[in-house]
Amino acid sequence: MADPIRERDLVLGPNEFAMILDETKGHVTVYVGPHKTSLSNTDRPVVADERGKFKSCTLDEAIKVFPTADEGSYIVLKNPAKDEARPKAGSNTNPELKIGRKINTPGPVSFPLWPGQYATVIEGHRLRSNQYLVVRVYNNEEAKKPGKIGVMEPSVTGEGPKDKKEINPPNVDLSQDLTMGQLLVITGTDVSFYIPPTGIEVIPDGNKYVRDAVTLERLEYCILLEENGNKRFVQGPAVVFPEPTETFVQNNSVFKFKAIELNENMGLYIKVIADYKDETGKEHKTGEELFITGKEQKIYFPRQEHAIIKYAEDEGKGNGVQFAIAIPAGEARYVLDKMTGKIDLKKGPLMFLADPRNEVIVRRVLDPNTVKLLFPGNTAALDYNTTLASLIKDGAQNYISEQEASGKRAKSIGPVSREASLVSENFERRSTFTPPRTITLDTKYEGAVALNVWTGYAVQIVGKTGKRRVVKGPQTVLLEYDESLEVLTMSTGTPKNDDKVIKTVYLLSQNNKVSDEVTAETKDLVTVNVRVSYRVNFEGEPENWFNVDNYVKLLTEHLRSMIRNAIKQNGIEDFNDKGVGIIRDTVLGLQNEEGKRPGRAFAENGMKVYDVEVLDVKIGDQEIGELLRDAQRESVEQSLTLRREEQKLKKDKRLETIAQETAEAMSETVIKKLDIKKKEDDKILEVNLKALGNQQKKTKAQHNNDLAIENGANKVSGIKLSREKKEADQKQEISKATQDLQVELMQARTKAITDELNAAGPQLLAIATTLADKELAGKLAQVLSPLAIYGNKTLPDVVQQLTQGTVLESIVKKIIDAGSTAKTATAK
């Protein structure tokens, strides 16, 4: 069966080419389209592999498309022809190639390849202002030749022309500067588009050519490491382009870092690793140590001459900032001066920032005995100080630094970097901080030795220079590094003895209590045991309180002797009855006029016994004790019987007294009732007397009224007699003039009656008022009305009407009757 490949015709379109191997001669011919040819039996289509070896393939696989670079791209051609000739349409014979050479051809361009040539199409490099390219000179002679230049377009932010044109690499003298293998940096601030010329190639960064510069904001910085080991620090705001031999120092894939914020309570421990002058012109030599705090510099940017000193266990943690420690009120810290060896006490309240160049915070290590004295029963403090003591290498010292206490080891390291925040213009603050050459423990172990002297207690502090001072509670005292406490010894047991003593630094100076037991003999050789409890205060100068090492021994031995002597002066019976008083008189002294005792004072140490309690008294001889108890029991029984009778008598007296008081109360009640009755009767009598007096006054008034009436009647009688006389006289004259007499008589009568009425009117009204005769007053008011008086009635009718029903009625009637009689007689 015939090979289909050999029977095919080679047909190439525009922009296509193929390589055919003549198997008889070994020549490889390039056919460029548009072209058509028939292949002979000795012609075989081939392709070149990566190593330049030709391999057989099908016609379809042999047909290739021209390498094409559009505008803005370029072709890197490897192994160009010596005369730079390119295959033309049709069959082409191979030219001589420059093996190992390569040229860069900017687009737009498209051409076929000779056998042995390789072409790579690369897009032109477009750069932003924060991007750059790293290029390498691989053929400095070609790069220097005229016409072998690349294509650049200046950046709009640069100073060059904005029109696209062929220019040389920036800051490069083609005639002198270019050398084989030289690296150059093309920055986006200089050019925005770049195609390298022949002799220069762009070094890819992974799978890309354009590299990103580091853009620094304010308060940011970056570090560039030179191949020779030098470092360059750049502060923001800036766009940082590395030199060709520089690389960015990164930490956790981060290239830029935040500046370090400092305040007055923060600082950085710096080692100068190269000579330099700071901004103020001050020179710093290599090896010098600096401690930069927020007082001098609020924002710190690392520099290449500085190395931050950190501690091994803090490496990779934080940024090496030293922080001040808070010393609360009532606490303190020991600080060792590394230059002089003096240890000072820093008391709170204070924010203390130790200068690590010459200050070290140390812990005072207390031996076990001292811990037991200062902090009795505190096993945690004992274990802690035991652990610290085991870390001390030099047995002569009794302190340890904070670093040694926690196994710290200082070393000098390079500038510390940390990740930058994603937000600009801010600081990342940690919730925890690195203490300044210290470790974080409970504050009661962290600072100076502090003692809480309780109320009523006192301690004596002794310095190594011999200075002494007494501190009385309640108070918190901080010990200087060279100070310790005076130790007291106290006898124990009952009775007190030196077989087992306790040691303490705390003296109970107020309301102290010491118990003891005293064995003594009475005057009649009876042994007694007395248990007592002394109440003790320390008075006077506090400096004398600690003059006696064992004040308990001094107190008990002295008072035992006194009590034994007092008991010896009394018999058992007297002591049994008055033992408590005898002991109190002996120890405290006799009572004064005010009933107070002076107490027992000790001049040796200002101790004073102000009270003593007798807790128990025991008689050594049991038989005597029984006798005394029986006698005491009988005495008690008699006393109880007597007391019972006295109580009964007292009760009876009280009952009688109550009965008497009851009778007296009842008698007082009866008397009170009689007094009340008498007062009521007196009041009734007074009322009756007042009523009788009123009646008498009324009767007297009535009598007066009656007398007035009689007087009125007498007057009327006189008037009657006078009238009768006149009538007699008139009778004599009647004969003379009867008519005239009648007229005169009528006139006289009218006048007499009117006068009588005028005279009697007030009296009648007074009588009516006095007798309260409402009916008469009404009738008189009605009759005396002008209308009634001057009515159609005659005057006698009016008078009679007025006096009707009164005492005057009879008198008026007599007068009227007399008048009528006289009138009748005259008429006759």
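The model shown is predicted, which means the values in this text are computed figures rather than measured ones.

**Observations regarding the packing of aromatic side chains**
Both the distance between ring centres and the angle between the ring planes are used here to describe each pair of aromatic rings. Tallying each qualifying case throughout the model produces 9 aromatic pairs. Considering the side-chain rings of Phe17 and Phe66, the 6.0 Å spacing of their centres and the 40 degrees angle between planes classify their relative orientation as tilted. Placement of Phe17 in strand 2 (residues 16–22) and of Phe66 in the loop between strand 7 (64–65) and strand 8 (68–69) is noted, with a sequence separation of 49 residues between them. Here the aromatic rings of Tyr132 and Phe241 are separated by 6.0 Å at their centres, their planes lie at 85 degrees, and the arrangement is edge-to-face. Separated by 109 residues along the polypeptide, Tyr132 in strand 15 (residues 131–137) and Phe241 in the loop between strand 24 (238–240) and strand 25 (246–248) bring together distant segments of the chain. For the residue pair Tyr132 and Phe241, the accessibility class agrees, reading buried in each case. Residue placement shows Arg86 over the ring face of Phe111; its charged tip is 4.3 Å from the ring centre. Arg364 extends its terminal NZ or CZ atom over the ring of Tyr481, reaching a point 5.9 Å from the ring centre.

**Structural notes on helix 5 (residues 379–391)**
Compared with an ideal rise of 1.5 Å per residue, which puts 13 residues at 18 Å, helix 5 spans 19 Å between its outermost C-alpha atoms and is within 8% of the ideal. Here helix 5 has its buried residues at Ala381, Tyr384, Asn385 and Leu388. For helix 5, the buried positions fall inside an angular range of 90 degrees around the axis, keeping them on one side. Away from its buried face, by an angle of more than 90 degrees, helix 5 presents the exposed residues Thr379 and Ser390.

**A word on the sheet that holds strand 11 (residues 102–106)**
Across a sheet, strands are paired by hydrogen bonds formed along the backbone, either parallel or antiparallel in direction. As summarised here, the arrangement of the 3 strands in space is 11-9-13, forming an open sheet in which the pairing is antiparallel. Each end of this open sheet is capped by a strand with a single partner; those strands are strand 11 and strand 13 (118–123). Averaged over all neighbouring strand pairs, the angle between strand axes comes to 20 degrees, with direction disregarded. In this structure, strand 9 (residues 73–78) lies alongside strand 11, joined through 5 bridges in antiparallel fashion.

**Thoughts on the confidence of the model for the protein**
Of the residues in the protein, 76% have a pLDDT of 70 or more, and the chain-wide mean is 79. Scored below 50 in pLDDT, residues 158–167 shows 17 contacts in the model against residues more than four places distant or in partner chains.

**Focus on unusual backbone geometry**
Between Gly107 and Pro108 the backbone carries a cis peptide bond, its omega angle lying at 5 degrees. Positionally, Pro108 belongs in the loop between strand 11 and strand 12 (109–110). Put simply, Gly473 and Pro474 share a cis peptide bond, and its omega is 5 degrees. One can find Pro474 in the loop between strand 44 (468–472) and strand 45 (475–478). Here Asn15, not a glycine, exhibits a phi torsion of approximately 65 degrees, which is positive. Counting through the fold element by element, Asn15 comes out in the loop between strand 1 (9–12) and strand 2. Residue classification places Asn15 among the partly exposed positions, given a relative accessible area of 42%.

**Concerning the sheet that holds strand 51 (residues 527–538)**
The strand order across the open sheet formed by 4 strands is 50-51-53-52, and the pairing between neighbours is antiparallel. Two strands close off the open sheet at either side, each with one partner strand: strand 50 (512–521) and strand 52 (600–602). If you compare each strand with its neighbour and ignore which way they point, the axes differ by 35 degrees on average. Two strands pair when backbone bridges link them, and strand 52 and strand 53 (residues 607–619) are joined in this way by 3 bridges, in the antiparallel orientation. The partner of Phe602 across the bridge, within strand 53, is Met607. Across the sheet, helix 8 (residues 551–568) is in contact with strand 50, strand 51, strand 52 and strand 53; its angle to strand 50 comes to roughly 35 degrees. Lying on the sheet, helix 9 (residues 572–588) is in contact with strand 51, strand 52 and strand 53; it crosses strand 53 at an angle near 165 degrees.

**A look at the environment of Ile99**
Relative to the assigned elements, Ile99 resides in the loop between strand 10 (90–92) and strand 11. Overall, Ile99 belongs to the exposed group, its relative accessible area being 66%. Between the C-alpha atoms of Ile99 and Lys82, which are 17 residues apart in sequence, the distance is 9.4 Å.

**Digging into the pattern of salt bridges**
In the structure shown here, the tally under the stated rule is 27 salt bridges. A salt bridge links Lys568 to Glu521; its shortest N-O distance comes to 3.6 Å. Highlighted residues: Lys568 in helix 8 and Glu521 in strand 50, separated in sequence by 47 residues. The partly exposed category is assigned to Lys568, whose relative accessible area is 34%. Across the pair Asp611 and Arg584 runs a salt bridge, and its minimum N-O distance is 3.1 Å. Here Asp611, found in strand 53, pairs with Arg584, found in helix 9; they are 27 residues apart in sequence, far enough to count as distant. Classification of Arg584 by relative accessible area gives partly exposed; the value is 24%. The network of salt bridges with common partners includes Asp49, Arg51 and Lys55.

**Side note on the nonpolar core**
Counting residues in each nonpolar core, the largest one holds 35 residues, and the members touching the most others are Tyr534, Leu555, Leu559, Val587 and Val609. Of all elements in the fold, only strand 47 (488–492), strand 50, strand 51, helix 8, helix 9 and strand 53 reach the threshold of two or more residues within this core. The element that contributes the greatest number of residues to this core is helix 8, accounting for 8 residues.

**Side note on the packing of helix 8 against helix 9**
Axis separation between helix 8 and helix 9 bottoms out at 10 Å; the angle between their running directions is 140 degrees. With respect to each other, helix 8 and helix 9 are oriented oblique. For the element pair helix 8 and helix 9, the recorded crossing hand is right-handed. Contacts between helix 8 and helix 9 pair Leu559, Met562, Ile563, Ala566 and Ile567 from the former with Phe575, Ile582, Ile583, Thr586 and Val587 from the latter. A class-by-class count of the residues in the contact of helix 8 with helix 9 yields 9 nonpolar, 1 polar and no charged.

Reading the values: rules and limits
- Residues numbered from 1 in each chain as written.
- Predicted model: local features only at pLDDT ≥ 70, side-chain atom pairs only at ≥ 80, totals over all residues.
- Heavy atoms only, no water.
- Phe/Tyr/Trp six-rings, centres within 6.5 Å; stacked < 30°, edge-to-face > 60°.
- Helix = DSSP H or I, 4+ residues; strand = E, 2+ residues; numbered from the N terminus.
- Buried < 20%, exposed > 50% of the residue type's maximum accessible area, 1.4 Å probe, protein only.
- Lys NZ or Arg CZ within 6 Å of the ring centre and 35° of its normal.
- Expected span 1.5 Å × (residues − 1).
- Arc of directions from axis to C-beta.
- Pairing = 2+ DSSP bridges.
- Axes fitted to C-alpha atoms, helices over the stretch in contact; angles between N-to-C directions.
- pLDDT = per-residue confidence, 0-100.
- Contact = heavy atoms within 4.5 Å.
- Salt bridge = Lys/Arg side-chain N within 4 Å of Asp/Glu carboxyl O.
- Core = buried A, V, L, I, M, F, W, Y, C linked by side-chain atoms within 4.5 Å.
- Parallel < 35°, antiparallel > 145°, perpendicular 65-115°, else oblique.
- Left-handed = near helix turned anticlockwise from the far one by under 90°.
- Nonpolar A, V, L, I, M, F, W, Y, C, P; charged D, E, K, R; others polar.

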